[in-house]
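A closer look at the structure
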Amino acid sequence: MPFDASAHFPTTRLRRLRYDPAVRRLVRETQLSPADMILPLFVRPGQGERREISSMPGHAQLSPDLIANEAEAAASLGLGGVILFGIPPRKDSVGSDSYADEGIIQQGIRAAKAAAPELLCITDVCFCEYTDHGHCGVLDDATGRLDVNNDATLELLAKQAVSHARAGADMIAPSGMMDGMVGAIRRGLDTAGFAHVPIMSYAAKYASAFYGPFRDAAESTPQAGDRRGYQMDAAAAADQAIREVQLDLAEGADIVMVKPALAYLDVISRVRAAFPGVPVAAYNVSGEYSMVKAAAANGWLDERAVALEVLTSIKRAGAGIVLTYWAKDAAKWLA
Ligand code: PBG
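These remarks concern the structure in this document.

What counts, and at which threshold
Residues numbered from 1 in each chain as written. Predicted model: local features only at pLDDT ≥ 70, side-chain atom pairs only at ≥ 80, totals over all residues. Heavy atoms only, no water. Axes fitted to C-alpha atoms, helices over the stretch in contact; angles between N-to-C directions. Helix = DSSP H or I, 4+ residues; strand = E, 2+ residues; numbered from the N terminus. Contact = heavy atoms within 4.5 Å. Salt bridge = Lys/Arg side-chain N within 4 Å of Asp/Glu carboxyl O. Buried < 20%, exposed > 50% of the residue type's maximum accessible area, 1.4 Å probe, protein only. Near = heavy atom within 4 Å. Polar contact = N/O pair within 3.5 Å; in protein donor to acceptor, adjacent residues only side chain to side chain. Areas by Shrake-Rupley, 256 points an atom, 1.4 Å probe, with all protein chains shown as cover. Nonpolar A, V, L, I, M, F, W, Y, C, P; charged D, E, K, R; others polar. Lys, Arg positive; Asp, Glu negative; His and termini not counted. Patch = residues over 30% accessible without salt bridge, like charges linked within 9 Å, V, L, I, M, F, W, Y side chains within 5 Å. Charge placed at Lys NZ, Arg CZ, Asp CG, Glu CD. Expected span 1.5 Å × (residues − 1).

Looking now at the packing of helix H8 (residues 265–274) against helix H10 (residues 303–317). When two helices pack together, you describe them by how their axes are tilted relative to each other and by the distance separating the axes. Where H8 meets H10, the closest approach of the two axes is 8 Å, and the angle between their N-to-C directions is 35°. Within the contact between the two elements, H8 uses Leu265, Ile268, Ser269 and Arg272 and H10 uses Ser313, Ile314 and Ala317.

Listed below in structure tokens is the structure:
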């Protein structure tokens, strides 16, 4: 912005825009709306089963019948949608529950869609919750080091995505950070008759310690090793995120996501600026939620004020869509 020499104190007083609440409201640019927020839900087996997640107060693993109640609540609050994560009864080396017709997430999708047909039901497509080793794909035995076999995983990701779509998922959100995952899923969906099902790609997903509480929730902590071989390095050139997004768009992604949100607002802002017209989502992840919850429980922070400030900042940075554990609370606060 060029410096305007004529706009000087006392002629210019920016406080004039702040003095009256009505003027502050008038000049606000960032608006929070329930329609832009997506609520994450964790599906587990059973009936009437609600297992609280101690590191994420207010969230629980829920059996499909209780997922139905949450879907109804999300719809009546006007949320943009829900995103489902499955916690299967059995894990194995290839995560086969994730693509079984009677798998846990398939049951969750059917329950959510039956209870709230109009509500957007997104599914997280990944393997870490379903594999006994906790990695986001099949392991590669050939290399002699703990590694996910990228190309062998692609085929299974496509299979998983198609299975979710067949169960009724409205949108597929691949989160495994495998190279080529969006293209493989797009081809799989198109071939199976789901050309209309959009993909929201976790395009720029960082290897982050902020996922800690989620891994308790989804029981997906790797048994050995970590995810640094596939998720992005926080210290990598920020433009690497641009390359990730470019590739995902070229492979057919409809919406691109940056994750986490709060420590990566610069990345959100760059992605927003680099791809005009592309919907950008950001995941306000578990650790971002839990740390505010913990501070609020100690009386150190005002949860409502901080949460709304966090969500506003994520939108101001350029995310039109926010996945957040505060989605229901925020909708009530904004009402
Ligand atoms: C992977 C996945 C993760 C999250 C969403 N999808 C965890 C991971 O990559 O380890 C994290 C979300 C959060 O922390 O709220 N399926």
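If the charged atoms of two oppositely charged side chains come close together, the side chains can form a pair. Overall, the coordinates contain 13 salt bridges when judged by the stated rule. Across the salt bridge formed by Arg110 and Glu102, the nearest N and O atoms sit 3.3 Å from each other. By relative accessible area, Arg110 is classed as partly exposed at 33%. Each member of the salt-bridge network shares a partner with another, and the members are Arg44, Glu49 and Arg51.

The environment of the ligand is made up of 19 residues, and the closest members are Lys205, Arg215, Lys259, Ser286 and Tyr325. One nitrogen or oxygen atom from the side chain of Arg227 is found 2.9 Å from an oxygen atom belonging to the ligand. Between the ligand and Lys259 there is a distance of 3.3 Å, counted from a nitrogen atom to a side-chain nitrogen or oxygen. Within the complex, the protein chains bury 100% of what would otherwise be the 400 Å² of accessible surface of the ligand. Those elements that place two or more of their residues in the shell around the ligand are strand E7 (200–205) and helix H6 (212–218). Residues of the shell around the ligand, tallied by class, amount to ten nonpolar, three polar and six charged.

With that settled, consider the side chain of Asp124. Looking at where Asp124 falls in the secondary structure, it is placed in strand E5 (residues 121–125). For the buried Asp124, no salt bridge exists, and the shortest N-O distance to an oppositely charged side chain is 5.9 Å, to Lys205. Separated by 3.0 Å, the side chains of Asp124 and Ser175 make a polar contact. Not counting the four nearest positions on each side in its chain, Asp124 is found in contact with Ile83, Leu84, Phe85, Ile105, Glu129, Gln160, His164, Ala173, Ser175 and Tyr202.

What follows is about a positive patch on the surface. On the surface, Arg13, Arg15, Arg16 and Arg18 cluster together into a positively charged patch. With respect to the helices, strands and loops of the structure, Arg16 is situated in the segment before helix H1 (21–26). Judged by relative accessible area, which is 49%, Arg16 ranks as partly exposed.

This part covers helix H9 (residues 286–297). Counting along an α-helix, one turn takes 3.6 residues, and residues three or four places apart therefore face a common direction. The end-to-end C-alpha distance of H9 is 16 Å, a good match for the 16 Å that twelve residues give at a rise of 1.5 Å each. Those residues of H9 that fall on the buried side of the exposure criterion are Ser286, Gly287, Glu288, Tyr289, Ser290, Val292, Lys293 and Ala295. Residues of H9 that are buried make contact with H6, strand E9 (280–284) and H10. Looking one or two residues beyond H9, the residue adopting positive phi is Gly299, at roughly 80°.

A cluster of nonpolar side chains, Leu14, Leu17, Leu26 and Val27, forms an exposed patch at the surface whose accessible area comes to about 410 Å². Here Leu14 lies in the segment before H1. The class of Leu14 is exposed, set by a relative accessible area of 52%.

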